[in-house]
Amino acid sequence: MLAKDPYTAALHRLGHFQSALDRADTPEIRAELLIDRFFWQGEDHDAAQYAVDALDPASTTGRYLAARHAYSRLLFEHEVRPDDQAVVRVGYEAAAADPQLAGWGEFHLGVFADNILEDPSAAKAHFDQAAKDGDPLLQSYVVRHLSVHEPERALDHLRHSLYLRATLGYRPQTAAAMVALADALPDGDERRHLRAAALVTAQELQLSWLLGALS
(Lines give C-alpha, C1' and ligand atoms only; values in the text may rest on other atoms or scores of the structure.)
Protein backbone atom coordinates (compact mmCIF):
# COMPACT_ATOMS: atom_id res chain seq x y z
CA MET A 1 0.00 0.00 0.00
CA LEU A 2 2.44 2.62 -1.23
CA ALA A 3 1.77 6.36 -1.30
CA LYS A 4 0.15 7.66 -4.46
CA ASP A 5 2.76 10.39 -4.73
CA PRO A 6 5.49 8.71 -6.81
CA TYR A 7 8.37 10.45 -5.00
CA THR A 8 7.11 9.40 -1.58
CA ALA A 9 6.57 5.86 -2.87
CA ALA A 10 10.12 5.80 -4.27
CA LEU A 11 11.56 6.90 -0.92
CA HIS A 12 9.58 4.12 0.77
CA ARG A 13 10.92 1.51 -1.66
CA LEU A 14 14.47 2.72 -1.05
CA GLY A 15 14.10 2.38 2.72
CA HIS A 16 14.38 6.12 3.34
CA PHE A 17 11.59 6.02 5.87
CA GLN A 18 12.09 9.42 7.51
CA SER A 19 12.25 11.24 4.19
CA ALA A 20 9.08 9.47 3.09
CA LEU A 21 7.40 10.33 6.40
CA ASP A 22 8.21 13.99 5.84
CA ARG A 23 6.07 13.80 2.69
CA ALA A 24 3.30 11.48 3.94
CA ASP A 25 -0.04 13.03 3.05
CA THR A 26 -2.55 10.67 4.68
CA PRO A 27 -2.81 9.06 8.14
CA GLU A 28 -2.79 5.62 6.53
CA ILE A 29 0.46 6.21 4.65
CA ARG A 30 2.05 7.69 7.75
CA ALA A 31 1.03 4.67 9.81
CA GLU A 32 2.36 2.23 7.21
CA LEU A 33 5.70 4.03 7.01
CA LEU A 34 6.09 4.02 10.79
CA ILE A 35 5.15 0.34 10.97
CA ASP A 36 7.71 -0.48 8.29
CA ARG A 37 10.36 1.61 10.02
CA PHE A 38 9.80 -0.25 13.27
CA PHE A 39 9.91 -3.60 11.45
CA TRP A 40 13.12 -2.88 9.55
CA GLN A 41 14.98 -0.51 11.87
CA GLY A 42 13.49 -1.30 15.28
CA GLU A 43 12.74 2.38 15.83
CA ASP A 44 9.75 4.31 17.20
CA HIS A 45 7.43 1.50 18.17
CA ASP A 46 5.28 3.95 20.11
CA ALA A 47 5.02 6.42 17.24
CA ALA A 48 3.80 3.61 15.01
CA GLN A 49 1.23 2.59 17.60
CA TYR A 50 -0.04 6.16 17.97
CA ALA A 51 -0.40 6.35 14.19
CA VAL A 52 -2.34 3.08 14.14
CA ASP A 53 -4.56 4.24 16.99
CA ALA A 54 -5.43 7.36 15.00
CA LEU A 55 -6.97 5.28 12.19
CA ASP A 56 -10.59 4.21 12.00
CA PRO A 57 -10.59 0.92 13.97
CA ALA A 58 -13.64 -0.28 12.04
CA SER A 59 -11.98 0.15 8.64
CA THR A 60 -10.24 -2.71 6.87
CA THR A 61 -7.10 -0.61 6.48
CA GLY A 62 -7.09 0.30 10.16
CA ARG A 63 -7.44 -3.32 11.24
CA TYR A 64 -4.88 -4.53 8.70
CA LEU A 65 -2.23 -2.03 9.79
CA ALA A 66 -2.96 -2.72 13.46
CA ALA A 67 -2.41 -6.41 12.69
CA ARG A 68 0.91 -5.74 10.98
CA HIS A 69 2.21 -3.78 13.95
CA ALA A 70 0.97 -6.36 16.44
CA TYR A 71 2.61 -9.11 14.39
CA SER A 72 5.96 -7.29 14.57
CA ARG A 73 5.64 -7.15 18.34
CA LEU A 74 5.03 -10.89 18.44
CA LEU A 75 7.83 -11.68 15.99
CA PHE A 76 10.44 -9.57 17.77
CA GLU A 77 9.00 -10.23 21.25
CA HIS A 78 8.80 -6.49 21.84
CA GLU A 79 6.28 -5.23 24.40
CA VAL A 80 3.90 -8.04 23.48
CA ARG A 81 0.28 -7.34 24.48
CA PRO A 82 -2.20 -9.99 25.65
CA ASP A 83 -4.50 -9.34 22.68
CA ASP A 84 -1.82 -9.18 19.98
CA GLN A 85 -2.65 -12.57 18.47
CA ALA A 86 -6.34 -11.69 18.32
CA VAL A 87 -5.53 -8.32 16.72
CA VAL A 88 -3.37 -10.04 14.12
CA ARG A 89 -5.97 -12.65 13.26
CA VAL A 90 -8.85 -10.17 13.00
CA GLY A 91 -6.86 -7.69 10.93
CA TYR A 92 -5.43 -10.20 8.49
CA GLU A 93 -8.77 -11.97 8.06
CA ALA A 94 -10.38 -8.60 7.30
CA ALA A 95 -7.72 -7.94 4.66
CA ALA A 96 -8.17 -11.41 3.15
CA ALA A 97 -11.89 -10.69 2.75
CA ASP A 98 -11.24 -7.37 0.96
CA PRO A 99 -10.74 -7.68 -2.83
CA GLN A 100 -8.02 -5.00 -2.82
CA LEU A 101 -6.00 -6.58 0.00
CA ALA A 102 -6.96 -10.25 -0.32
CA GLY A 103 -3.59 -11.50 -1.53
CA TRP A 104 -1.69 -9.66 1.17
CA GLY A 105 -4.17 -10.79 3.81
CA GLU A 106 -3.71 -14.42 2.80
CA PHE A 107 0.06 -14.05 2.77
CA HIS A 108 0.17 -12.49 6.22
CA LEU A 109 -2.15 -15.17 7.59
CA GLY A 110 0.37 -17.67 6.27
CA VAL A 111 3.32 -15.99 7.96
CA PHE A 112 1.33 -15.71 11.19
CA ALA A 113 0.52 -19.42 11.01
CA ASP A 114 4.16 -20.31 10.28
CA ASN A 115 6.07 -18.05 12.66
CA ILE A 116 3.69 -17.54 15.57
CA LEU A 117 1.15 -20.37 15.58
CA GLU A 118 3.62 -22.99 14.28
CA ASP A 119 1.00 -24.48 11.99
CA PRO A 120 2.80 -25.24 8.70
CA SER A 121 -0.20 -26.87 7.03
CA ALA A 122 -2.35 -23.78 7.50
CA ALA A 123 0.56 -21.59 6.42
CA LYS A 124 1.05 -23.49 3.17
CA ALA A 125 -2.67 -23.22 2.34
CA HIS A 126 -2.58 -19.45 2.82
CA PHE A 127 0.58 -19.10 0.73
CA ASP A 128 -0.95 -21.13 -2.08
CA GLN A 129 -3.97 -18.84 -2.05
CA ALA A 130 -1.82 -15.70 -1.99
CA ALA A 131 0.18 -17.04 -4.95
CA LYS A 132 -2.87 -16.52 -7.15
CA ASP A 133 -2.45 -12.74 -6.83
CA GLY A 134 -0.47 -11.10 -9.63
CA ASP A 135 1.26 -8.39 -7.55
CA PRO A 136 5.00 -8.95 -8.19
CA LEU A 137 6.05 -7.60 -4.77
CA LEU A 138 3.60 -9.94 -3.09
CA GLN A 139 4.91 -12.79 -5.23
CA SER A 140 8.43 -12.03 -3.99
CA TYR A 141 7.20 -12.58 -0.44
CA VAL A 142 5.11 -15.65 -1.23
CA VAL A 143 7.87 -17.57 -3.01
CA ARG A 144 10.34 -16.62 -0.28
CA HIS A 145 8.14 -18.33 2.30
CA LEU A 146 7.16 -21.20 0.03
CA SER A 147 10.85 -22.09 -0.08
CA VAL A 148 10.45 -23.50 3.43
CA HIS A 149 7.46 -25.63 2.44
CA GLU A 150 8.78 -26.77 -0.93
CA PRO A 151 12.43 -27.61 -0.21
CA GLU A 152 12.92 -29.27 -3.58
CA ARG A 153 12.32 -25.84 -5.17
CA ALA A 154 13.88 -23.75 -2.42
CA LEU A 155 16.77 -22.25 -4.36
CA ASP A 156 14.56 -21.45 -7.34
CA HIS A 157 12.02 -19.76 -5.07
CA LEU A 158 14.69 -17.75 -3.24
CA ARG A 159 16.32 -16.58 -6.47
CA HIS A 160 12.93 -15.65 -7.91
CA SER A 161 12.20 -13.59 -4.79
CA LEU A 162 15.55 -11.81 -5.04
CA TYR A 163 15.17 -11.03 -8.75
CA LEU A 164 11.65 -9.63 -8.28
CA ARG A 165 12.65 -7.39 -5.39
CA ALA A 166 15.75 -6.10 -7.14
CA THR A 167 13.78 -5.38 -10.32
CA LEU A 168 11.09 -3.51 -8.37
CA GLY A 169 13.67 -1.43 -6.50
CA TYR A 170 12.81 -2.41 -2.91
CA ARG A 171 16.20 -2.10 -1.20
CA PRO A 172 15.45 -3.46 2.32
CA GLN A 173 13.53 -6.39 0.86
CA THR A 174 16.28 -7.07 -1.69
CA ALA A 175 18.91 -7.19 1.05
CA ALA A 176 16.74 -9.58 3.06
CA ALA A 177 16.32 -11.78 -0.02
CA MET A 178 20.10 -11.85 -0.47
CA VAL A 179 20.55 -13.11 3.08
CA ALA A 180 17.82 -15.73 2.68
CA LEU A 181 19.42 -17.06 -0.50
CA ALA A 182 22.90 -16.97 1.00
CA ASP A 183 21.74 -18.96 4.00
CA ALA A 184 20.45 -21.70 1.68
CA LEU A 185 23.71 -21.98 -0.24
CA PRO A 186 26.88 -23.90 0.65
CA ASP A 187 30.04 -21.97 1.47
CA GLY A 188 31.49 -20.39 -1.63
CA ASP A 189 31.82 -17.22 -3.65
CA GLU A 190 28.11 -16.71 -4.30
CA ARG A 191 27.24 -16.99 -0.61
CA ARG A 192 30.01 -14.56 0.37
CA HIS A 193 29.09 -12.04 -2.34
CA LEU A 194 25.41 -12.08 -1.37
CA ARG A 195 26.15 -11.53 2.30
CA ALA A 196 28.65 -8.77 1.55
CA ALA A 197 26.16 -6.94 -0.68
CA ALA A 198 23.39 -7.33 1.87
CA LEU A 199 25.64 -5.94 4.59
CA VAL A 200 26.26 -2.76 2.58
CA THR A 201 22.52 -2.09 2.37
CA ALA A 202 21.82 -3.14 5.95
CA GLN A 203 24.49 -0.78 7.29
CA GLU A 204 23.47 2.14 5.09
CA LEU A 205 19.77 1.83 5.94
CA GLN A 206 20.32 0.71 9.56
CA LEU A 207 18.25 -2.45 9.12
CA SER A 208 18.57 -3.72 12.67
CA TRP A 209 17.34 -7.31 12.47
CA LEU A 210 19.14 -7.87 9.19
CA LEU A 211 22.39 -6.63 10.74
CA GLY A 212 21.81 -9.15 13.50
CA ALA A 213 21.40 -11.92 10.95
CA LEU A 214 24.65 -10.89 9.28
CA SER A 215 26.71 -10.60 12.45
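Thresholds applied
- Residues numbered from 1 in each chain as written.
- Predicted model: local features only at pLDDT ≥ 70, side-chain atom pairs only at ≥ 80, totals over all residues.
- Heavy atoms only, no water.
- Axes fitted to C-alpha atoms, helices over the stretch in contact; angles between N-to-C directions.
- Helix = DSSP H or I, 4+ residues; strand = E, 2+ residues; numbered from the N terminus.
- Left-handed = near helix turned anticlockwise from the far one by under 90°.
- Contact = heavy atoms within 4.5 Å.
- Expected span 1.5 Å × (residues − 1).
- Buried < 20%, exposed > 50% of the residue type's maximum accessible area, 1.4 Å probe, protein only.
- Arc of directions from axis to C-beta.
- Core = buried A, V, L, I, M, F, W, Y, C linked by side-chain atoms within 4.5 Å.
- Parallel < 35°, antiparallel > 145°, perpendicular 65-115°, else oblique.
- Nonpolar A, V, L, I, M, F, W, Y, C, P; charged D, E, K, R; others polar.

- The protein chain goes by Tetratricopeptide repeat protein in an unreviewed UniProt entry, where it is assigned to Hamadaea flava.

**Thoughts on the packing of helix H8 (residues 120–130) against helix H9 (residues 136–149)**
Two numbers describe a pair of packed helices, the interaxial angle and the distance between the axes.
Phase 1: Between H8 and H9, the shortest axis-to-axis distance is 10 Å and the interhelical angle comes to 145°. Crossing of H8 over H9 shows left-handed handedness. Taking contact as the criterion, the partners of Pro120, Ala123, Lys124, Phe127, Asp128 and Ala130 in H8 are, on H9, Leu138, Gln139, Val142, His145, Leu146 and His149.

**Looking at helix H12 (residues 189–205)**
Note: α-helices contain 3.6 residues per turn, so residues at a spacing of three or four share the same orientation.
Phase 1: If you check H12, its first and last C-alpha atoms are 24 Å apart, about what 17 residues at 1.5 Å a residue would give, namely 24 Å.
Phase 2: Within the span of H12, buried status applies to Leu194, Ala198, Thr201, Ala202 and Leu205. Each buried residue of H12 lies within a common arc of 100° when the element is viewed along its axis, so the set occupies one face. Away from its buried face by more than 90 degrees, H12 exposes His193 and Gln203.
Phase 3: Next to the buried residues of H12 lie helix H1 (6–14), helix H3 (27–41), helix H10 (154–168), helix H11 (171–184) and helix H13 (208–214).
Phase 4: Looking one or two places after H12, you find Gln206, whose phi comes out positive at around 55°.

**Quick notes on the nonpolar core**
Phase 1: Within the largest apolar cluster, 60 residues are counted, with the highest numbers of intra-cluster contacts made by Tyr92, Phe107 and Leu210.
Phase 2: A per-element tally of this core places H11 first, with eight residues.

**Some details on the packing of helix H7 (residues 102–115) against H9**
Phase 1: In contact at an axis separation of 11 Å, H7 and H9 are set at 30° when each is read in the N-to-C sense. With respect to H9, the element H7 is oriented roughly parallel. The element H7 and its partner H9 pack so that their crossing is left-handed. Of the residues in H9, those touching H7 at Gly103, Trp104, Phe107, Val111 and Asp114 are Leu137, Leu138, Tyr141, Val142, His145 and His149.
Phase 2: For the contact of H7 with H9, the class distribution of residues is seven nonpolar, three polar and one charged.

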